[in-house]
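So you can see what is in the structure, the chains are spelled out below.
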Amino acid sequence: MDGALGQAVVERRILDLLLLQLVRINADRAESGNPSWAAGTRDPIVTRALAALHQEPAAPWTVAELALRCHVSRATMAARFRAAVGQSPMAYLTTRRLALAADRLASSTVTTAVIAEEIGYSNAFTFIAAFSREYGVSPSGYRRSASFPPGVSAVKP
C-alpha cells in the first residue's frame, strides 16, 4: 500500500481548496476594480460576449458580430469589454485561441495546420506567427518542450 488510508481523497480535496482560493482571489481583485475575466462576468453584456467567445472560439468573430449578438452597439461592446476585462474583445479572443492551441499541442500529435483550423485561423502560417509572437517559441518547439519534464531535453547529448 503506497499511501495512508484516504490519502488520495485528502489530496484531491486540498487541490479543490487551492483552486477555490485562487477563484476567490481573482474575484476579490474584480471587486476592487481591477480589469480581469472575473470582472467581466459582473457586466451582463460582457458576460454574454465572454460566453460566446468561449463557446465558439473558432468562429470568425468581429466586435460588430459580438455587439450584434449582445444587442449593443460596436462602440459600447468595445468600451465595456475593455473596461471590464482589460483588453479588447479581439485581443482576448487571440489569447484564448492561443491558450487552447497550447493545450492541444501539449496533449496531442495533431498537426499544426489542423490545430490552426480548429481554433479559427485561416491558415497555419498566420497561426504559427501569432503563436510564436505570444509564446516566444514556434508551435513545434512548444510541443517538444511540453512533451518532456523540465530539464529533460529531446536532443541526446
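This one's a predicted model, so the numbers in the text were calculated from it and none came from an experiment.

S.K.: Could you clarify how one ought to interpret the overall build of the chain in this entry?
M.R.: Within the chain, the regular secondary structure consists of 9 helices and 0 strands. Counting all 157 residues of the chain, 27% fall into the buried class. Counted over contacts in the chain with a minimum sequence separation of 6, partners at least 24 positions apart contribute 50%. Here the chain displays about 10100 Å² of accessible surface, and carbon together with sulfur accounts for 60% of that area.

S.K.: What should I look at first to understand the environment of Thr-76 in this one?
M.R.: Residue placement: Thr-76 occurs in helix H5 (residues 74–85). A C-alpha to C-alpha distance of 9.4 Å links Thr-76 and Ile-45, two positions 31 residues apart in sequence.

S.K.: Honestly, the side chain of Asp-43 in this entry has me stumped. Any pointers?
M.R.: Mapped onto the elements, Asp-43 comes out in the loop between helix H2 (37–40) and helix H3 (44–55). A residue is classified by how much of its surface remains accessible, and Asp-43, at 13% relative accessible area, is buried. At a separation of 2.8 Å, a polar atom in the side chain of Asp-43 contacts the main-chain amide nitrogen of Ile-45. For Asp-43, the side chain forms a polar contact with the side chain of Arg-80, separated by 2.9 Å.

S.K.: I'm lost on a nonpolar patch on the surface in this one. Help?
M.R.: A contiguous nonpolar surface patch, about 390 Å² in accessible area, is contributed by Val-10, Ile-14, Leu-15 and Leu-18. When you line up the elements, Leu-18 lands in helix H1 (residues 7–31).

S.K.: Looking at this model, I keep getting lost on the packing of aromatic side chains. Mind explaining?
M.R.: What describes a pair of aromatic rings is the distance from one ring centre to the other and the angle between the planes of the rings. This structure, assessed with the given rule, holds 6 aromatic pairs. Here the aromatic rings of Phe-127 and Phe-131 are separated by 5.7 Å at their centres, their planes lie at 55 degrees, and the arrangement is tilted. Taken together, the residues Phe-127 and Phe-131, both in helix H8 (residues 124–135) and 4 residues apart, mark about one turn of the helix. Judged by relative accessible area, Phe-127 falls into the buried class, the value being 0%. With 4.5 Å between their ring centres and 15 degrees between their planes, Phe-131 and Tyr-135 make a pair best called stacked. Here the residue Phe-131 and the residue Tyr-135 both occupy positions in helix H8, the gap between them amounting to 4 residues, near one helical turn. Note on Phe-131: relative accessible area 0%, which makes it buried.

S.K.: Would you mind showing me how to read the pattern of salt bridges here?
M.R.: Oppositely charged side chains may form a pair once their charged atoms are brought near each other. With the rule as written, the count across this model stands at 3 salt bridges. For Glu-56, the salt bridge identified is with Arg-69, shortest N-O distance 3.3 Å. One end of the pair, Glu-56, is in the loop between H3 and helix H4 (63–70); the other, Arg-69, is in helix H4, and 13 residues separate them in sequence. The partly exposed category is assigned to Arg-69, whose relative accessible area is 36%. In this structure, Arg-104 engages Glu-118 in a salt bridge whose closest nitrogen and oxygen atoms are separated by 2.8 Å. With Arg-104 in helix H6 (residues 89–107) and Glu-118 in helix H7 (residues 112–118), this residue pair connects regions lying 14 residues apart in the sequence.

S.K.: Whenever I open this one, the confidence of the model for the chain confuses me. Can you help?
M.R.: Parts of the model with low pLDDT should not have their predicted coordinates read in detail. Per-residue pLDDT for the chain has a mean of 85; in total, 83% of the residues score no lower than 70. Within the chain, the element-level pLDDT minimum falls on H2, averaging 70, and the maximum on H4, averaging 96. Taken together, the stretch residues 151–157 has pLDDT below 50 and engages in 1 contact with residues farther than four places along the chain or on a different chain.

Conventions we followed
Residues numbered from 1 in each chain as written. Predicted model: local features only at pLDDT ≥ 70, side-chain atom pairs only at ≥ 80, totals over all residues. Heavy atoms only, no water. Helix = DSSP H or I, 4+ residues; strand = E, 2+ residues; numbered from the N terminus. Buried < 20%, exposed > 50% of the residue type's maximum accessible area, 1.4 Å probe, protein only. Contact = heavy atoms within 4.5 Å. Areas by Shrake-Rupley, 256 points an atom, 1.4 Å probe, with all protein chains shown as cover. Polar contact = N/O pair within 3.5 Å; in protein donor to acceptor, adjacent residues only side chain to side chain. Patch = residues over 30% accessible without salt bridge, like charges linked within 9 Å, V, L, I, M, F, W, Y side chains within 5 Å. Salt bridge = Lys/Arg side-chain N within 4 Å of Asp/Glu carboxyl O. Phe/Tyr/Trp six-rings, centres within 6.5 Å; stacked < 30°, edge-to-face > 60°. pLDDT = per-residue confidence, 0-100.

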